[in-house]
Amino acid sequence: MTPLAIEWIWPDTPLAILITLVVAIAGRWLLLRAVKRGTDLAVDRANQRRTDQGQDDAALYAARHSARAATMGSLLRSVINAAVAVLAVLTVMAILNIPLTPILASAGVGGVALGFGAQSLVRDYLSGIFMIVEDQYGVGDLVDLGEASGTIEDVGLRVTRLRDAGGQVWYIRNGEIVRVGNKSQGWSTATIDIPVDSSENSTRVIEVLTGICAEVYADPEWSQVLLEQPTVAGVQSVEAGRMTIRITARTAPNQHWRVQRAILDRELQALKDAGIKGPRMLPTPPPAQ
Amino acid sequence: MTPLAIEWIWPDTPLAILITLVVAIAGRWLLLRAVKRGTDLAVDRANQRRTDQGQDDAALYAARHSARAATMGSLLRSVINAAVAVLAVLTVMAILNIPLTPILASAGVGGVALGFGAQSLVRDYLSGIFMIVEDQYGVGDLVDLGEASGTIEDVGLRVTRLRDAGGQVWYIRNGEIVRVGNKSQGWSTATIDIPVDSSENSTRVIEVLTGICAEVYADPEWSQVLLEQPTVAGVQSVEAGRMTIRITARTAPNQHWRVQRAILDRELQALKDAGIKGPRMLPTPPPAQ
Amino acid sequence: MTPLAIEWIWPDTPLAILITLVVAIAGRWLLLRAVKRGTDLAVDRANQRRTDQGQDDAALYAARHSARAATMGSLLRSVINAAVAVLAVLTVMAILNIPLTPILASAGVGGVALGFGAQSLVRDYLSGIFMIVEDQYGVGDLVDLGEASGTIEDVGLRVTRLRDAGGQVWYIRNGEIVRVGNKSQGWSTATIDIPVDSSENSTRVIEVLTGICAEVYADPEWSQVLLEQPTVAGVQSVEAGRMTIRITARTAPNQHWRVQRAILDRELQALKDAGIKGPRMLPTPPPAQ
Amino acid sequence: MTPLAIEWIWPDTPLAILITLVVAIAGRWLLLRAVKRGTDLAVDRANQRRTDQGQDDAALYAARHSARAATMGSLLRSVINAAVAVLAVLTVMAILNIPLTPILASAGVGGVALGFGAQSLVRDYLSGIFMIVEDQYGVGDLVDLGEASGTIEDVGLRVTRLRDAGGQVWYIRNGEIVRVGNKSQGWSTATIDIPVDSSENSTRVIEVLTGICAEVYADPEWSQVLLEQPTVAGVQSVEAGRMTIRITARTAPNQHWRVQRAILDRELQALKDAGIKGPRMLPTPPPAQ
Amino acid sequence: MTPLAIEWIWPDTPLAILITLVVAIAGRWLLLRAVKRGTDLAVDRANQRRTDQGQDDAALYAARHSARAATMGSLLRSVINAAVAVLAVLTVMAILNIPLTPILASAGVGGVALGFGAQSLVRDYLSGIFMIVEDQYGVGDLVDLGEASGTIEDVGLRVTRLRDAGGQVWYIRNGEIVRVGNKSQGWSTATIDIPVDSSENSTRVIEVLTGICAEVYADPEWSQVLLEQPTVAGVQSVEAGRMTIRITARTAPNQHWRVQRAILDRELQALKDAGIKGPRMLPTPPPAQ
Amino acid sequence: MTPLAIEWIWPDTPLAILITLVVAIAGRWLLLRAVKRGTDLAVDRANQRRTDQGQDDAALYAARHSARAATMGSLLRSVINAAVAVLAVLTVMAILNIPLTPILASAGVGGVALGFGAQSLVRDYLSGIFMIVEDQYGVGDLVDLGEASGTIEDVGLRVTRLRDAGGQVWYIRNGEIVRVGNKSQGWSTATIDIPVDSSENSTRVIEVLTGICAEVYADPEWSQVLLEQPTVAGVQSVEAGRMTIRITARTAPNQHWRVQRAILDRELQALKDAGIKGPRMLPTPPPAQ
Amino acid sequence: MTPLAIEWIWPDTPLAILITLVVAIAGRWLLLRAVKRGTDLAVDRANQRRTDQGQDDAALYAARHSARAATMGSLLRSVINAAVAVLAVLTVMAILNIPLTPILASAGVGGVALGFGAQSLVRDYLSGIFMIVEDQYGVGDLVDLGEASGTIEDVGLRVTRLRDAGGQVWYIRNGEIVRVGNKSQGWSTATIDIPVDSSENSTRVIEVLTGICAEVYADPEWSQVLLEQPTVAGVQSVEAGRMTIRITARTAPNQHWRVQRAILDRELQALKDAGIKGPRMLPTPPPAQ
């Protein structure tokens, strides 16, 4: 270490300080701009994708967009401001020859000691930033986040809040979400398994079922949520005393439960009316969900 | 290393020490203020959210707020005081040219060696700080923390204490809580599955069930905990000898168990009175919980 | 590296050594005092909590308190003494200009190499320290530590020793304990599921059961362990041929097994006497535990 | 540290700066070219493989190729530009003798602290880059990624987006994908298990089944999706009252579900016509999927 | 780096070397003594505990003690000798001004690279040292180590060797043992579940069972292994057609299997003789183990 | 840092550069040769092993050998070239006194930050290199890699590609493969469980079964794939109404499925012909696979 | 950094180089000898243990010993040679004042970056070395390594190769083996569960069974593999309609399967002859394995 003395060499020292400050301000401006441009670009791409999928609920997505921008902006501005300020102060101290070793060494030790414990915190924030930029889900979407499923109530940088079907509120750390299943984009599929006696003629059963499918699709109550006429896929499996016929239908998002119940009810009535026997007494697993 | 000598260069050395102390005191003041402001902001946002959800039990949340503020304050003040003091002492020693290498190197080795083992400790505290600031749950809430479910008795920075339905007290490290399910915010859903013989007419069964639902909702005993009239969702599944009809009801938080038992009892009585046969003898899984 | 020579500059070198020793002794005294004060504070808070819960078995907790203080004190004193001694020796060597690089570098390499393997050891000790300070459990408590359940025999800094119901002694590393379930604080809940034939009138069954509940609560043998009269919760589930009625009772800690067996026996006798049929022949799962 | 002074030694300093800039520009050019060449090579190998497998849908793969190249190019160019710029600026600052210690030390501390949390982010990107270069799947492929299965909608550098059979959209981080199962390359296998009474003669049953297999393969509707005539593998298992015969068929990719249903239906009809009894009443597991 | 020259400054260099060697020898002696004292202390505490539990098989534990001391001593002496030797050689080289940078840097790189891979090795040894010092188990004990259960054949510093009931020899790395269940300390519990017809009178059945319990306890063959008279706990569960009565007995360590079989056999004979019907035909789970 | 100046001291500087370049070229040559020799040695050992196992399909393994050598060579040459070039350039820069601190520090920070995320990448490559050198499997082998089972289509340095029985193509990262099960080396075992009525005489049943085993082994169709005559192992288990006899046979690799079906079919016919009753009606688990 | 110049100070520089080389050669010799001595010692201890267990197949273990020594020797010699050579070259370069910073820094960055990915590789080798030295298993032993069970075909430093009962060859990385179960040392235990009707007299059944046990033990065919007469343990469990009696027998290693089948067959014949009824029709779990 050099002999301790606050050296003040005119005009080098003030000049170096000046350069440092100018670089700091310019660097901060450039960083903020780069972040803003990157975020805008990613958000635009996400919006473009939504539009491509024919989801043109423009007002909804505009509101979400500005909310996302606000969430992102405040965090990144804080981080950049703090980093630039710390660096500028430390550099000026170095120019003035004040010993930095204790500060830097302590920061190093503390950084390592904290780094291990804080890694899940950092991961939570990084995951949150990317999920918000990529617009994987928004408030009101019905999602499956692995830890819990339900309707999104809040999309934060560290935690996501959702409410499940039972009314329970879930706080999930973003870094724990390894995959997101969004049920509110596009369509859902209803699957109905109809059990009949294995001695019935499969061709005739399929005819009856297909008739009801057409009837349901013609019903104005259901034609709104059905994106296409339900299809009888055919004989799914045969067991002693039971044959299972599968029907599938593409519905509006999250309407498949209602559709499944309605079609199941109608088909069973129709089979009874047509005199087709139900399965002999053996338990059946519940329909595929 | 420079020749060892405690150099005392007038007036540079005392001046440097003075500057160091001033910076330390100012830095400590700024840090404490930044932490306080950040915490207040986060707490205000959490309170705002509660108010938005129509939970305006102001006195309860004011009490919780001050408890949280006290818990947070003591920890952060201790940490900041210790950090600033250590840095100031080390810097003054560096200015006086006392060799710091042994201290810093030992701290480095110790920091790394401890850092690995202490990471879960740091994670516990960081998780605790964020959960308290975000107000994910408070004393008295019924929560599901993954490791255990029950009523919160104490929200600490390192561990959360709760008591489950069986009376057992659980101490859970905050860092082990990857998701929080809070059952005391908003509402709960009761789900009742009614089994009847598969030969019964589903329309008629649903009529009977719907009548009882209206009756229950009109009953003053239940109308308080029922947020809306129970709904008969329709035929949930059909098996050999058994048809299951599902009823759902939105209730006050954590009242769904009582409601499920009451509705199940009444509906079964009503079906018996209406002469509708129960399922033929096959075991049924318990109602969805 | 400077030319090697043990430099002895009068009076700087002895002065620096003196300052170092004074600082070391003062630092050690301060650290010991801070640790003692912190531990006392935490222990006081834990005791206060116990008192708040109405657990005023003062003698028992005083004994536990002093045992905990002794366990903690010996470890922390050893660690602080060793750390201060090592630092003082190294600093004096640095002042005497003896080369420290080999020692520090070796310590660094060894520290990293050991740090990875020793992290679970450090975690065990840190967990032990906090569990002792927070008084999560003491000798004689019945606990569930995840790896094993039983009665605590010894609370150590690295391992906890307990004995399970089968007589097996378990040694559990404190760092592996992610949550502690303490069954010896407050109360336990007994849950009894009574199966009857599904054709029985539920109202009548509940009347009979409630009568016996009152009888049991009046019985002096059971009124000591029952904290309140057992409650008939209502119809828990209905299946083909079987209806299940649930009874719950709050008991003294860990008395619920005895209570469950006694109430089950009495209720079944009472139902037989009242002529209420048991379930038709279908297996029932064992009562909730 | 040397006495602080911005030293400007003519002509060494400008010369050094000049050399630095030239090296930076040359290095950037070389890196970009190396990356491009490496990527092209890997992509060519992947295309070659596709061609070797007889998948000569040239237009489709050309479109995919350019999409992949665009995705890769933008990221790598950004990374290389940023890295070269930072290095050049820092080197010039070092040549001008501006103190770099604070910047480098802060970057080191920050790098370590972030490194722990960001490792899953880096892993996601690295996985994405390799999966794109190796062309493991493309938009429209039906894949099993472990976390979810469905049709690929977007192949990103950090996340892959796919839509499952139920209409749910899945966002999966590339680093979480440990193995990829691509169902759209080559062929699929249909497996049909035919249950008959265990007292039937297996040779005769196999004769009947083989006849229908030939019939199906001759049917123009199915001969397109069947890559070869379905094979009767023989008696798969025998249980009390039931013998199972297995049929396998190689089909066009993802057509095996349709083929299974059709063959199952026809074979059962043929067995009924041939008077071969079905299994006595025992539940059968569903056919292998 | 200073100009290279092996500097030999009389008398400083030999003096420094002399001091180094004296310190090394003294340090080694102190470390060996500290380790020995610490180990002795821990072992004494473990022995004290055994004595407190009334396990006064002094000869057995003395033999174990010396075996443990030998195992520990050889390892720790080797480690301390190697560490002190390396440090002394390096310090002398530094005093002689031979460049240490390559050695230390290589050791650093190698230490980090090895450290990651060797961490489980270090963990195995550390776990072994602590388990031996704490005397968690010894040769001949019947233990449950998670990975395998059986009789200990060898307690090593890295691996423990045991033989299970089937004769298989297991080598288990000490670091993989998160909890130890030692079945050879104190006592075991036998649990016998007696099934009878659910129509039997529970009071009478319990009387019969209690009679046999007293009889068994009076039998000299069993009174040696029974630490107390077996207890009839009461009605454990009731199902359609079956009532289960539980009997528990505290036995000498690992004698509970024999006791369970003997009591089960006698109780069933007694129930037959008393004309109490067994359960109607429903499968029962095997007795609790 | 020394005063900045590109020092050019004749003739030391050019001499040092020359030495550096010579060492670089020599080092590269030595490394390449060492790698080549090591790889050849390992491959030779693997080939030797194959030959020892009597797998002398020389042409096949020669082709595999050259493919493996090509895969390995290109990677290792690239890595060694890049490493030597970087080191040479940096050393020349150091000789010319250009400041390296920024480059090295940035590389350090980047290396750590990337190292965490890239560790699975490095692991994949290292695993791939070793699996190729050890020749654990080759194109065309039927393997079980844990994540998926099937026929190897490509053995890469980072991923292995295989196709399962259902036609699905799997890409598996080499680092995720913890154990390899190769089914194409040596032989397979067929296991057939024959169920008969528990009242049958086991000796007679075994006689009948053994006769058919001899018959099958004499059949030219099967004698090619059977490496020895199938063995009747004896009574495997006895249950109420059913006795199971096990037959085992050693077959050519992956021919055991065909053999199992054929033997099962023949044995059942023979038992019917011999008038031995099948099991009474109870489900049987499928034969061991 | 000092002014660059290859300094050649006579006679210091050649002297330092000479000392370096002498130390390198001596160090290498000492290391090789220490490793050899340590390995021999460990191997001797393992052999001693085998002898103590009465496994005196001296020729077999001598062959294994030399194979192990060869495997270990080649690896350790290579590692020590490489390490000593690198250190010597670097030290000589340092003495000649050639700048080492680039090489060391690059090695550091590379070491860290590789260290993360290579840790499983290092772990594999370390585990292999210890397992070989401790002689946990050898070629021909029947072992359970967790990932797979079978007969060892090759014990390598990185992978172990074994072949399972089905003929499949398994390559298992040594570091993934957390516990080794060796079935070829000492003895195995056969366990046979005999089901009889629950109304049978247990004393009489046990008499019959014991008679057959004595008969089997007297049979010369079985007395070779039976290490002691099979023991009838007593009534293992009682269920509705079935009582299970357990027989255990200690056999030569891996002969217990054959013994179990033989005893089961004979006992069932004897029970039939004695007129003891089998269990009423309820499925039984397979015998304990």
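Data block above holds the structure.
Residues numbered from 1 in each chain as written. Chains lettered and ligands numbered in written order. Predicted model: local features only at pLDDT ≥ 70, side-chain atom pairs only at ≥ 80, totals over all residues. Heavy atoms only, no water.

Colleague: Outline the overall build of chain A, listing residues and values.
Modeller: Within chain A one finds 6 helices and 8 strands. N-terminal to C-terminal, the α/β element order of chain A is α-α-α-β-β-β-β-β-β-α-α-β-β-α. Nonlocal contacts in chain A, meaning residues at least 24 apart in sequence, comprise 66% of its contacts between residues at least 6 apart. Surface accessibility of chain A: about 12,600 Å² in total, with carbon and sulfur atoms responsible for 63%. (Helix = DSSP H or I, 4+ residues; strand = E, 2+ residues; numbered from the N terminus. Contact = heavy atoms within 4.5 Å. Areas by Shrake-Rupley, 256 points an atom, 1.4 Å probe, with all protein chains shown as cover.)

Colleague: Explain the interface of chain D and chain F residue by residue, including any values.
Modeller: The interface of chain D with chain F comprises 63 residues on the first partner and 53 residues on the second. Roughly 4,900 Å² is buried in total at the junction of chain D and chain F, and carbon and sulfur atoms are behind 61% of that figure. Joining chain D to chain F, the criterion identifies 2 salt bridges. One salt bridge connects D:Glu134 with F:Arg158, and the closest N-O pair in it is separated by 3.1 Å. At the level of secondary structure, the elements contributing two or more residues to the side of chain D that touches chain F comprise helix H1 (12-52), helix H2 (58-95), helix H3 (101-134), strand E5 (179-182), strand E6 (188-196), helix H4 (202-218) and strand E7 (231-239) of chain D. Tallying contributions element by element places H3(D) first for the side of chain D that touches chain F, with 15 residues. Its residues placed into classes, the side of chain D that touches chain F shows 25 nonpolar, 25 polar and 13 charged. Examined bridge by bridge, E5(D) and strand E4 (residues 169-173) of chain F share 4 bridges and lie antiparallel to one another. In the sheet register, D:Arg179 faces E4(F), and the bridge partner there is F:Ile172. (Buried area = accessible area lost by both parts, 1.4 Å probe. Salt bridge = Lys/Arg side-chain N within 4 Å of Asp/Glu carboxyl O. Nonpolar A, V, L, I, M, F, W, Y, C, P; charged D, E, K, R; others polar. Pairing = 2+ DSSP bridges.)

Colleague: Describe helix H4 (residues 202-218) of chain C, naming the residues involved and giving the relevant values.
Modeller: The end-to-end C-alpha distance of H4(C) is 24 Å, a good match for the 24 Å that 17 residues give at a rise of 1.5 Å each. Taken together, the buried positions of H4(C) are occupied by C:Ser202, C:Val205, C:Leu209, C:Ile212, C:Cys213 and C:Val216. Buried residues of H4(C), seen end-on, are gathered within an arc of 110° and therefore sit on one face of the element. Structural note: H4(C) exposes C:Glu207 and C:Ala218 on the side pointing more than 90 degrees away from its buried face. Taken together, the buried residues of H4(C) touch helix H6 (256-273) of chain B together with strand E6 (188-196), helix H5 (220-223), strand E7 (231-239), strand E8 (242-251) and helix H6 (256-273) of chain C. Measuring from the backbone nitrogen of C:Thr203 back to the side-chain oxygen at the start of H4(C) gives 2.9 Å, which picks out C:Asn201 as the cap. (Expected span 1.5 Å × (residues − 1). Buried < 20%, exposed > 50% of the residue type's maximum accessible area, 1.4 Å probe, protein only. Arc of directions from axis to C-beta. Polar contact = N/O pair within 3.5 Å; in protein donor to acceptor, adjacent residues only side chain to side chain.)

Colleague: Requested: an account of the packing of helix H4 (residues 202-218) of chain G against helix H6 (residues 256-273) of chain G, with residues and values cited.
Modeller: Residue and element names in this part refer to chain G. Running from N to C, H4 and H6 point in directions that differ by 135°, and their axes come no closer than 10 Å. Relative to H6, the element H4 is oriented oblique. For the crossing formed where H4 meets H6, the hand is right-handed. Residues Val205, Val208, Leu209, Ile212, Cys213, Glu215 and Val216 of H4 lie in contact with H6, whose contacting residues are Ile263, Arg266, Glu267, Ala270 and Leu271. Split into classes, the residues belonging to the contact of H4 with H6 amount to 9 nonpolar, no polar and 3 charged. (Axes fitted to C-alpha atoms, helices over the stretch in contact; angles between N-to-C directions. Parallel < 35°, antiparallel > 145°, perpendicular 65-115°, else oblique. Left-handed = near helix turned anticlockwise from the far one by under 90°.)

Colleague: Please give an account of the packing of aromatic side chains that cites residues and values.
Modeller: In total, this model carries 7 aromatic pairs over all chains according to the counting rule given. Between the aromatic rings of A:Phe130 and D:Tyr125, the centroid separation amounts to 6.4 Å while the plane-to-plane angle is 65°, which identifies the pairing as edge-to-face. Of this pair, A:Phe130 sits in helix H3 (residues 101-133) while D:Tyr125 sits in helix H3, each in a different chain. For D:Tyr125, a relative accessible area of 24% puts it in the partly exposed group. The aromatic ring of A:Trp187 is capped on one face by A:Arg250, whose charged end is 3.5 Å from the ring centroid. (Phe/Tyr/Trp six-rings, centres within 6.5 Å; stacked < 30°, edge-to-face > 60°. Lys NZ or Arg CZ within 6 Å of the ring centre and 35° of its normal.)

Colleague: Give a detailed account of the environment of B:Arg258, specifying residues and quantitative values.
Modeller: Residue and element names in this part refer to chain B. Its location among the elements puts Arg258 in helix H6. Through-space distance from the C-alpha of Arg258 to that of Ala42 is 37 Å; in sequence the pair is 216 residues apart. Ignoring anything within four residues of it in the chain, the contact list for Arg258 reads Trp222 and Val225. A polar contact of 2.9 Å, which involves the side chain of Arg258, links it to the side chain of Gln255.

Colleague: Kindly report on the interface of chain E and chain G, identifying the contributing residues and their values.
Modeller: Listed per partner, the contact involves 53 residues of chain E and 63 residues of chain G. Carbon and sulfur atoms supply 61% of the area that chain E and chain G bury against each other, a total of about 4,900 Å² over both sides. At the junction of chain E and chain G, the tally comes to 2 salt bridges. With its nearest N and O atoms 3.4 Å apart, the salt bridge here joins G:Arg179 to E:Glu147. Run the count over chain E and chain G and you get 13 residue pairs in polar contact (both at pLDDT 80 or more). Mapped onto the side of chain E that touches chain G, the elements with two or more residues apiece are helix H3 (101-134), strand E3 (159-163), strand E4 (169-173) and helix H6 (256-273) of chain E. Here the element with the most residues in the side of chain E that touches chain G is H3(E); it accounts for 16 residues.

Colleague: Summarise the relation of the copies chain D and chain F; cite the residues concerned and give the values.
Modeller: In summary, the two copies of the chain are related to each other by a rotation about an axis coupled with a shift along it. Each copy superposes on the other: chain D lies on chain F with an RMSD of 0.0 Å after a rotation of 51° and an axial shift of 0.1 Å. Mapped onto chain F, only 8% of the interface residues of chain D are again interface residues, and the two copies thus contact each other with different surfaces. (Least-squares fit on C-alpha atoms with pLDDT ≥ 70 in both.)

Colleague: So, the pattern of salt bridges: which residues are in play, and what are the values?
Modeller: This structure, assessed with the given rule, holds 77 salt bridges over all chains. One salt bridge connects B:Arg173 with B:Asp124, and the closest N-O pair in it is separated by 3.1 Å. Linking B:Arg173 in strand E4 (residues 169-173) with B:Asp124 in helix H3 (residues 101-133), this pair joins segments that are 49 residues apart in sequence. Assigned by exposure class, B:Arg173 and B:Asp124 land together as buried. Put simply, A:Arg123, A:Asp124, A:Arg158, A:Arg173, A:Glu176 and B:Glu134 are held in one network by salt bridges that share partners.

Colleague: Tell me what's going on with unusual backbone geometry, and back it up with residues and numbers.
Modeller: Only a minority of non-glycine residues have a phi that is not negative, and only a minority of peptide bonds are not trans. Residues and elements named next belong to chain E. Within the chain, Asp135 stands out as a residue other than glycine whose phi angle is a positive 55°. Along the chain, the position of Asp135 falls in the loop between H3 and strand E1 (142-144). Taking the relative accessible area as the measure of exposure, Asp135 reaches 1% and is therefore buried.

Colleague: So what's going on with the sheet that holds E8(C)? Residues and values would help.
Modeller: Picture the strands of a sheet paired through backbone hydrogen bonds; they go either parallel or antiparallel. All names here are of chain C. Here we have 3 strands laid out as an open sheet, ordered E6-E8-E7, and antiparallel in their pairing. Of all the strands in the sheet, the pair left with one neighbour each is E6 and E7. Put simply, the sheet's adjacent strands are angled 25° from each other on average, direction ignored. Note that E7 and E8 share 7 bridges and pair antiparallel.

Colleague: Would you mind going over H6(B) in detail, with residue names and values included?
Modeller: Residues and elements named next belong to chain B. End to end, H6 covers 25 Å across 18 residues, agreeing with the expected 26 Å (1.5 Å per residue, within 8%). When H6 is considered as a whole, its buried residues turn out to be His256, Val259, Gln260, Arg261, Ala262, Ile263, Leu264, Asp265, Glu267, Leu268, Ala270 and Leu271. Backbone geometry just downstream of H6 places Gly275 in the positive-phi region, at approximately 75°.

Colleague: Just give me the short version of the environment of B:Gly167, but keep the residues and values in it.
Modeller: Mapping B:Gly167 onto the fold places it in the loop between strand E3 (159-163) and E4. Sequence spacing of B:Gly167 and B:Thr151 is 16 residues, and the spatial spacing of their C-alpha atoms is 9.9 Å. Those residues in contact with B:Gly167, other than ones at most four positions away along the chain, are C:Gln185, C:Trp187, C:Ser188 and C:Thr189.

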